[in-house]
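Descriptive structure summary
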Amino acid sequence: MRTVLDGLNFSEGPRWRDGALWFSDMHAHRVIRTDLEGNSETVAVVDRDDPSGLGWLPDGRMLVVAMGTQKLLRQEPDGSMVEHADLSPLAIGDINDMIVRADGTAYVGDMGARIHDGGERRTAQTLRVAPDGSVGVGAGGLEAPNGHVLTPDETTLIVAESAAFCLTAFDVAADGTLSNRRTFADLVPESEDVPVAPPDGICLDAEGAVWVADPLGLRVFRVLAGGEVTDSYDMAPKVPVACVLGAQDRRTLLICAADDWRREVVTASTTGAIYATEVTVPGAGKP
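Residues numbered from 1 in each chain as written. Predicted model: local features only at pLDDT ≥ 70, side-chain atom pairs only at ≥ 80, totals over all residues. Heavy atoms only, no water.

Brief notes about the overall build of the protein
Each helix and strand counted, the protein has one helix and 24 strands in total. For 287 residues, the compact-globule formula gives about 19 Å, and the C-alpha radius of gyration of the protein, at 17 Å, lands near that figure. Considering only C-alpha atoms, the protein reaches an extent of 45 × 40 × 40 Å along its principal axes. Expressed as a percentage of contacts within the protein between residues at least 6 apart in sequence, the contacts between residues at least 24 apart total 46%. Surface exposure of the protein reaches about 11,200 Å², of which carbon and sulfur atoms provide 47%. (Helix = DSSP H or I, 4+ residues; strand = E, 2+ residues; numbered from the N terminus. Rg over C-alpha atoms; globule rule 2.2 N^0.38 Å. Contact = heavy atoms within 4.5 Å. Areas by Shrake-Rupley, 256 points an atom, 1.4 Å probe, with all protein chains shown as cover.)

Structure (structure tokens):
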């Protein structure tokens, strides 16, 4: 495990695109692009909100989730950030991670609670945003839907249900609607000292396995359909929250981690970082 980039507040939503890693430095209110040598630049600033999930429209304009205001922002060619869609009429809690299809349809996880403000969590949903910005419910009855991945043919969506400790799969129709909900894998802790295994950010590989960031278990692990774990990386004392397979051959596992996940802690010191290690099976699909 090596450090690609440090000195961050809280890295989230990693994506590999155009030979670089893109991610949100959430509590610094910015989106960063970096190469694997740590040469980085800020490519977008989200004023007065925390950016999270990232994606792109067919014409290359970037979409950025603005968590607290429950909006999906779009970066225009001149670098300005404009509203692409307002999810607040339907959203129950903070909106968080996102995946975007090739046609521009976005699936955005509604966590069902204001993550950093406390309060009761409610059963929530994945919201579907059409390319024109219209918003509907993609799938309801989800327990803190967090990471989302699409298979290479974009016919299957897998969602990390953080509060149900499982990965849930859906069929994706040509029009973007979701159906045939099923359990991809129930997740269990690696240690007896950890009560549950809540999945956060996830990514897919070419064998159909999913890499899962487990912030409570302080690990990143690879799980097959059905729940068998084949590989696991101990990240202690760092808290891993998301991962993506990148580099030219997509065999580099890139991990977002920090000393804590709570806003008041990570904004007090820059402990966030991007870590990397090589794996055998390359990435596939999105992210």
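Picking up where we left off.
Digging into unusual backbone geometry
At the junction of Ala236 and Pro237, the peptide bond is cis and its omega measures out at 5° in the coordinates. By secondary structure assignment, the location of Pro237 is in the loop between strand S21 (229-234) and strand S22 (239-246). The linkage connecting Lys286 with the following residue, Pro287, adopts the cis geometry, with an omega of 0°. Relative to the assigned elements, Pro287 resides in the segment after strand S24 (272-278). One non-glycine residue, His29, lies in the positive phi region at around 60°.

Concerning the packing of aromatic side chains
Using the criterion set out here, one finds two aromatic pairs in the structure. With 5.2 Å between their ring centres and 80° between their planes, Trp22 and Trp56 make a pair best called edge-to-face. One end of the pair, Trp22, is in strand S3 (residues 20-25); the other, Trp56, is in strand S6 (residues 51-56), with 34 residues separating them in the sequence. Classification of Trp22 by relative accessible area gives buried; the value is 8%. Ring geometry for Trp211 against Tyr233: centres 5.9 Å apart, planes inclined by 25°, an arrangement best described as stacked. A residue pair is termed long-range when its members are at least 10 positions apart, and Trp211 in strand S19 (residues 210-214) and Tyr233 in strand S21 qualify at 22 residues. For Trp211, a relative accessible area of 2% puts it in the buried group. The cationic tip of Arg219 hangs over the ring face of Phe221; the distance from NZ or CZ to the ring centre is 3.9 Å. (Phe/Tyr/Trp six-rings, centres within 6.5 Å; stacked < 30°, edge-to-face > 60°. Buried < 20%, exposed > 50% of the residue type's maximum accessible area, 1.4 Å probe, protein only. Lys NZ or Arg CZ within 6 Å of the ring centre and 35° of its normal.)

Considerations on the sheet that holds strand S9 (residues 81-86)
Ordered by their spatial adjacency, four strands build an open sheet running S6-S7-S8-S9, and the pairing between neighbours is antiparallel. Each of the sheet's edge strands pairs with one partner strand only, and the pair in question is S6 and S9. Neighbour-to-neighbour, the strand axes of the sheet open up by a mean angle of 30°, direction not taken into account. One ladder, built from four bridges, connects strand S7 (residues 62-66) with strand S8 (residues 71-75); its direction is antiparallel. Residue pairing for S8: Leu63 is matched across the bridge by Arg74. (Pairing = 2+ DSSP bridges. Axes fitted to C-alpha atoms, helices over the stretch in contact; angles between N-to-C directions.)

Comments concerning the nonpolar core
Counting 33 residues, the largest nonpolar core has Leu72, Leu87, Met98, Val108 and Ile274 as its most contacted members. Ranked by the residues each element gives to this core, the list is headed by S22, at four residues. Apart from the residues within four sequence positions on either side, Met98 is in contact with Arg15, Gly53, Leu54, Gly55, Leu63, Val64, Val65, Leu72, Ala106, Tyr107 and Val108. (Core = buried A, V, L, I, M, F, W, Y, C linked by side-chain atoms within 4.5 Å.)

Some points on the pairing of strand S16 (residues 166-172)
The element S16 is largely enclosed, with a buried count of six among its seven residues. Between the antiparallel neighbours strand S15 (residues 156-161) and S16 lie four residues, among them Phe165 with a positive phi of about 60°. When S16 meets strand S17 (residues 178-186), the two strands line up antiparallel, connected through six bridges. Paired with Thr168 across the strands is Thr183, a residue of S17.

Some details on the pairing of strand S20 (residues 219-223)
Moving residue by residue along a regular strand, the side chains alternate between the two faces of the sheet. Summarising burial for S20: five of the five residues are buried, a large majority. A two-sided burial pattern is seen for S20, the buried positions comprising Arg219, Phe221 and Val223 on one face and Val220 and Arg222 on the other. Relative to S20, S19 runs antiparallel, the two sharing five bridges. Each residue of the ladder has a partner; that of Asp214, found in S20, is Arg219. The hairpin turn running from S19 into S20, its antiparallel successor, is four residues long, and Leu218 in that turn takes a positive phi close to 55°. In the sheet, S20 pairs with S21 via five bridges, with the strands oriented antiparallel. Looking at S21, one finds that Arg219 is bridged to Asp234. Here S20 folds back onto S21 in antiparallel fashion, the turn holding five residues, of which Gly226 has a positive phi close to 105°.

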